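Examining the three-dimensional arrangement
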Amino acid sequence: MKKILLVLAVGIFTFSCKSDKKVEVQNEEKTVEVIETPMVTLGEFGTKAGEFIGKEIQVTGIVDHVCKHGGKKILLVTDEGDAHVVSDERFDEALMGSEIKLVGVVLEERIDEGYLLKMEEDNIKSHSEGASNDEQFNTKKKHLQEYRDKMKKEGIDHISNYSLQYVSHKEVAVVTE
């Protein structure tokens, strides 16, 4: 019994010695920056895409084509322009003809002299190994020269081809003809 009273007395003494200090908690205002994904029309895509390389944008268009081979590419179109979209996953072929709002990351493929030399080398190798006929070889050769002529005419050292890496989409409407 003495032990219980002793423990009780020590507990009361300890409890009564605690200070009644009040801790003030300051309300901190946190600023959350909401970054809205910019909307780019397909008519502007070819000229504005360079401003958004590696960044997400939104585009709206009609799914004109779903790649039959792997299903991982689509072509979005409007009367003003188009954009190629690539994905790691297959697109549903049922999207064909649907108007969608798509979010994607802008990708750039640069065609410069180094790229053209590599393509030229591949074309020669392919032709010499019999993988392409004379017509295919000459068509490719002509196409590569057209790139060179365009760069020379415009005084630029590369041509940029832009596409989108798929992030997400939502269907806006199904277009029926």
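For the structure, see preceding data.
The present account deals with the structure reproduced in this document. (Residues numbered from 1 in each chain as written. Predicted model: local features only at pLDDT ≥ 70, side-chain atom pairs only at ≥ 80, totals over all residues. Heavy atoms only, no water.)

**So, the side chain of Arg148**
Position of Arg148 among the secondary structure elements: in helix α4 (residues 134-154). Classification of Arg148 as buried rests on a relative accessible area of 16%. Once residues lying within four places of it in the same chain are set aside, the contact partners of Arg148 are Glu113, Leu116, Leu117 and Glu120. (Helix = DSSP H or I, 4+ residues; strand = E, 2+ residues; numbered from the N terminus. Buried < 20%, exposed > 50% of the residue type's maximum accessible area, 1.4 Å probe, protein only. Contact = heavy atoms within 4.5 Å.)

**Notes on the packing of helix α3 (residues 113-128) against α4**
As a packed pair, α3 and α4 sit with axes 10 Å apart at the nearest point and diverge in direction by 170 degrees. By the criterion of interaxial angle, the relationship of α3 to α4 is roughly antiparallel. Counting all contacts with α3, which are made through Glu113, Leu116, Leu117, Met119, Glu120, Asn123, Ile124 and His127, the residues of α4 involved are Asp134, Gln136, Phe137, Lys140, Lys141, Leu144, Tyr147, Arg148 and Met151. Among the residues making up the contact of α3 with α4, the classes are represented as 8 nonpolar, 3 polar and 6 charged. (Axes fitted to C-alpha atoms, helices over the stretch in contact; angles between N-to-C directions. Parallel < 35°, antiparallel > 145°, perpendicular 65-115°, else oblique. Nonpolar A, V, L, I, M, F, W, Y, C, P; charged D, E, K, R; others polar.)

**Remarks on the nonpolar core**
Judged by nonpolar contacts, the single largest core of 19 residues is most densely connected at Ile57, Ile74, Leu76, Leu102 and Leu164. Going through the elements one at a time, α2 (42-48), β1 (56-66), β2 (73-77), β3 (82-86) and β4 (98-112) are the ones with two or more residues in this core. A per-element tally of this core places β1 first, with 4 residues. When near neighbours in sequence (up to four residues on either side) are disregarded, Leu76 contacts Leu42, Val59, Gly61, Ile62, Val63, Gly81, Asp82, Ala83, Val85, Ile100 and Leu102. Among the nonpolar cores identified, the runner-up in size contains 5 residues, and Ile111, Leu144, Met151 and Ile159 belong to it. (Core = buried A, V, L, I, M, F, W, Y, C linked by side-chain atoms within 4.5 Å.)

**As for the environment of His127**
For His127, the location among the structural elements is in helix α3. C-alpha of His127 to C-alpha of Asn138: the two residues are 11 residues apart in sequence and 9.7 Å apart in space. At 2.9 Å, the side chain of His127 and the side chain of Asp134 are in polar contact. (Polar contact = N/O pair within 3.5 Å; in protein donor to acceptor, adjacent residues only side chain to side chain.)

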